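# Notes for the structure review
Here are the chains, one letter per residue:
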Amino acid sequence: MFCFFFPYAATAGNYEKIKLAIQDKQQPIEHVTFMGYIGNRFSQSYENRVLAQSVDKLVEPFCHHNETHLWQSEFWGKWMNSAVLAYQYRPSNAMISRIQEAVDKLIKTQDSRGYIGNYTDETHLQEWDIWGRKYCILGLLDAYGVTHDKKALNAACREADYLINELHHSKSTIVELGNQHGMAASSVLKPICYLYRYTGNKRYFDFAKEIISLWESATGPKLISKAGIDVASRFPKPTAAKWYSWEQGAKAYEMMSCYEGLLEMYRLTGNTEYLSAVEQVWQNINDTEINITGSGASMESWFGGKHLQYMPIRHFQETCVTATWIKLSRQLLLLTGNTKYADAVEISFYNALLGAMRTDASDWAKYTPLSGQRLPGSEQCGMGLNCCNASGPRGLFVIPQTAVLTSAKGVDVNLYIAGDYKLTTPRHQQMVLKLEGEYPKNNKMSFLLSLKKAENITIRLRIPEWSTATKVIVNDVAVEHVQAGKYMELSRTWHHGDRISIEFDMPGIVHRLGQHPEYVAITRGPIVLARDQRLAGPGLEAFLTPVVDDKQQILLEATNTQNTDIWMSFMAKFQPEAYTEDGAPAILVGLCDYASAGNSSQKDDYPFFKVWMPQLFNPAISQ
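All figures in this text were calculated on a predicted structure; none of them were measured in a lab. (Residues numbered from 1 in each chain as written. Predicted model: local features only at pLDDT ≥ 70, side-chain atom pairs only at ≥ 80, totals over all residues. Heavy atoms only, no water.)

Looking only at helices and strands, one finds 14 helices and 23 strands in the protein chain. Its C-alpha atoms give the protein chain a radius of gyration of 25 Å, within 12% of the compact-globule value 25 Å for 623 residues. Here the protein chain holds 623 residues, and the buried ones make up 61% of them. Expressed as a percentage of contacts within the protein chain between residues at least 6 apart in sequence, the contacts between residues at least 24 apart total 72%. With 61 positive and 65 negative side-chain charges, the protein chain shows a separation of 4 Å between the mean positions of the two kinds. (Helix = DSSP H or I, 4+ residues; strand = E, 2+ residues; numbered from the N terminus. Rg over C-alpha atoms; globule rule 2.2 N^0.38 Å. Buried < 20%, exposed > 50% of the residue type's maximum accessible area, 1.4 Å probe, protein only. Contact = heavy atoms within 4.5 Å. Lys, Arg positive; Asp, Glu negative; His and termini not counted. Charge placed at Lys NZ, Arg CZ, Asp CG, Glu CD.)

Right, dumping it as structure tokens:
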């Protein structure tokens, strides 16, 4: 059984009918096996979330056509996407059998018109109906990519054909339907682009062009013309009663989903306006919305949250937003090769995404605050899970297709995750990169190369923007001119047994936000640190001032905690509040990685934690 890789979902590689105008600068490799802590987290998600999901529970809503406003129809496609990605990461008979079972059972629900969904005939195209059809098409195409079962492709085509026919016979355009200024419905652009690639049927290409044209119509979301406007400010803020309605023009997940589709049209057409719009929007989201842990949105919508992140925020950082931010960033990385997109993926993965996953990976948080508790979300639509339970694994299992990629000259290392990476070199021989080390728990990694014949290859190492003094050594010889925020290119003839070592600069960095009071947060490399009530120190309500050196950095001492739920722990000095004239002596306070903070394997145990720590106001030094 072959697995072919695609820049988001699986595809049938040689089965495609259309030659792309734009090829990705980075391409996935043949096989990845993660080791160590991260490898274990992936195995847990594989077994305890993806493989453990009941297929019958996902298919059951499609056996009835009595829905008028909910979104049960998204869950099958989301799970299928994560199942295919998980299978590509670790092929197994159990997973491929589950994939085929899910496809067969879903297709049995397709009616004579081609409809796969659960809405009444009278409410077709309304609310979340088109959104659900989108995920059915995506899931069927994902499955086709690894099974090559023509029934899946045919079912996806019939679903799309019926949707196009219904839309053209209705009196409304797709941007006037559903929710969020038509963004939810028109995000079907992405699977429509995939269908054109698979079939060569120009009808799908014409429909894709129509969707983009309608975006810029009087009632459309203006996703291209408003690319230069803050994502939170494009449309008037709706009232609380209509927050999740069509009037919401800042819905984060749905907006980014549309831009994912626009990138697929860029691949098909080469229209640089499409890429430019997405890059502009990505930068705006990064500058105005993405918080220190790599995600954002309140009440599932953009709100200018980057500069407000230290505040208590309602329903902060939806996991669907986190996963989609990772996927959008990855798409831009593949297309442009710009390291800033890999930096964004890394920070979001290690903090917001892993922080949303329960300790055994069987469940995902719907929201993950920066202070408070990691409370469970409610189930939705009678499905026994919610949208974020379904989205979390989709963000997780694109990481193996991001970490190490091939390029025209050789290999690009984007993420430093211990494991074995098998790939084909430019001269078509097999090579294995073995990455060893416990990054980011510590600051060192090494690479051991295995290949039969010596070959001139360019190996590019992403040097994170935060690592300002990185050391790279090849076979005991130091490499000069290593620059943060760029790839370090190592072009040479490589031999079997060659070794690369890399040492990152990971001081404790103190970040400051807000006034009256000011808040501080601490990072170490890509890891955000937090206080946790289970760790040493006074209560979380205490006012603590970090003790910093002349570089405004805090000394962090790694410690071994007895709590197996905590991945990384450190001790650092803080100045406690005191009413004596000379103040109190500094005390040691425990910190842990954000992903572990508040995350407990104990049932109904939700420890309090805090990322942003308020500072005492001092009029003598405050402006």
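Time to look at the environment of Ile285. Its place among the elements puts Ile285 in helix α11 (residues 272-288). Given the relative accessible area of 0%, Ile285 is considered buried. Sequence spacing of Ile285 and Ala252 is 33 residues, and the spatial spacing of their C-alpha atoms is 9.5 Å. Dropping the residues within four chain positions of it, Ile285 is found in contact with Val231, Met256, Ile290, Trp302 and Trp325.

Let us now look at the packing of helix α8 (residues 189-199) against helix α9 (residues 202-215). Relative orientation of the contacting elements α8 and α9 amounts to 155°, with a least axis distance of 8 Å. Our classification of the angle between α8 and α9 gives roughly antiparallel. Considering only the axes of α8 and α9, their crossing is left-handed. On α9, the residues touching Leu189, Ile192, Cys193, Leu195, Tyr196 and Thr199 of α8 are Lys202, Tyr204, Phe205, Phe207, Ala208, Ile211, Ile212 and Trp215. Of the residues contributing to the contact of α8 with α9, the split by class is 12 nonpolar, one polar and one charged. (Axes fitted to C-alpha atoms, helices over the stretch in contact; angles between N-to-C directions. Parallel < 35°, antiparallel > 145°, perpendicular 65-115°, else oblique. Left-handed = near helix turned anticlockwise from the far one by under 90°. Nonpolar A, V, L, I, M, F, W, Y, C, P; charged D, E, K, R; others polar.)

In this section: the packing of aromatic side chains. This structure, assessed with the given rule, holds 28 aromatic pairs. For the ring pair Phe42 and Tyr89, a centre distance of 5.5 Å and an interplane angle of 45° mean the geometry is tilted. Residue Phe42 is located in helix α1 (residues 36-50), and its partner Tyr89 is located in helix α3 (residues 75-89); the two are separated by 47 residues in the primary sequence. Phe42 gets classed as buried once you look at its relative accessible area, which sits at 0%. Judged by relative accessible area, which is 9%, Tyr89 ranks as buried. (Phe/Tyr/Trp six-rings, centres within 6.5 Å; stacked < 30°, edge-to-face > 60°.)

This part covers the side chain of Glu254. Among the structural elements, Glu254 can be located in helix α10 (residues 252-269). In terms of polar contacts, Glu254 uses its side chain to reach the side chain of Lys251, at 3.1 Å. Glu254 has contacts with Trp128, Trp131, Gln180, Met183 and Ala184, leaving out every residue within four places of it along the chain. (Polar contact = N/O pair within 3.5 Å; in protein donor to acceptor, adjacent residues only side chain to side chain.)

Here the focus is the sheet that holds strand β4 (residues 404-406). Read from one edge to the other, the open sheet built from five strands follows the order β1-β4-β5-β9-β12, with strand pairing classed as mixed. On the outer flanks of this sheet lie β1 (27-28) and β12 (486-494), each paired with one strand and no other. Of the strand pairs in this sheet, β1 and β4 are connected by two bridges, and their pairing is antiparallel. From the neighbouring strand, Pro28 faces β4, where its bridge partner is Leu405. Contacts from helix α13 (residues 339-356) reach β9 (455-463) and β12 within the one sheet, and its direction differs from that of β9 by about 60°. (Pairing = 2+ DSSP bridges.)

What follows covers the domain arrangement of the protein chain. Think of interface size as the accessible area that goes away when the parts come together; that is how it is often given. Each assigned domain of the protein chain is listed with its residue range as follows: domain 1 (35-402), domain 2 (406-503) and domain 3 (508-614). For domain 1 versus domain 3, the separation of C-alpha centres amounts to 35 Å. Counting from both sides, the interface comprises 27 residues of domain 1 and, opposite them, 26 residues of domain 3. Summed over both partners, the interface of domain 1 with domain 3 buries about 2,400 Å², with 61% contributed by carbon and sulfur atoms. Per-residue buried area on domain 1 facing domain 3 is highest for Ile292, Tyr310 and Arg374; these three make up 29% of the total on that side. The tally of links between domain 1 and domain 3 comes to zero salt bridges. At the surface where domain 1 touches domain 3, the tally comes to 13 residue pairs in polar contact (both at pLDDT 80 or more). Elements represented by at least two residues in the side of domain 1 that touches domain 3 include exactly α1, α13 and β3 (371-372). (Domains from an automatic or database assignment. Buried area = accessible area lost by both parts, 1.4 Å probe. Salt bridge = Lys/Arg side-chain N within 4 Å of Asp/Glu carboxyl O.)

Mean pLDDT for the protein chain: 95, with 97% of residues reaching 70 or above. Between residues 1-12, whose pLDDT stays under 50, and residues either more than four places distant or in other chains, the model counts 64 contacts. (pLDDT = per-residue confidence, 0-100.)

Time to look at the pattern of salt bridges. A full pass over the atoms with the stated rule returns 33 salt bridges. Here Arg267 ties to Asp24 by a salt bridge, and the two come within 2.9 Å at their closest N and O atoms. In this pair, Arg267 sits in helix α10 while Asp24 sits in the segment before β1, placing the two residues 243 residues apart along the sequence. Using a relative accessible area of 0% as the deciding quantity, one classes Arg267 as buried. A relative accessible area of 12% places Asp24 in the buried class. The partner of Lys105 in a salt bridge is Asp56, and the shortest N-O contact between them spans 2.7 Å. Placement of Lys105 in helix α4 (residues 93-107) and of Asp56 in helix α2 (residues 55-59) is noted, with a sequence separation of 49 residues between them. Under the relative-accessibility criterion, Asp56 is labelled partly exposed at 45%. Members of the salt-bridge network, linked through shared partners, are Glu16, Asp24, Arg197, Glu264 and Arg267.

Next up on the list: unusual backbone geometry. Omega for the peptide link from Tyr439 to Pro440 comes to 0°, which places this bond in the cis form. For Pro440, the position within the fold is in the loop between β7 (430-436) and β8 (444-451). Between His516 and Pro517 the backbone carries a cis peptide bond, its omega angle lying at 5°. Inspection of the secondary structure assignment puts Pro517 in the loop between β14 (508-513) and β15 (519-524). If you check the backbone angles, His516 has positive phi at about 55° while not being a glycine. Its place among the elements puts His516 in the loop between β14 and β15.

Strand order in the open sheet formed by seven strands is β2-β6-β7-β8-β13-β10-β11, with antiparallel pairing between adjacent strands. Strands with a single pairing partner mark the edges of an open sheet, and in this sheet they are β2 (31-34) and β11 (477-478).

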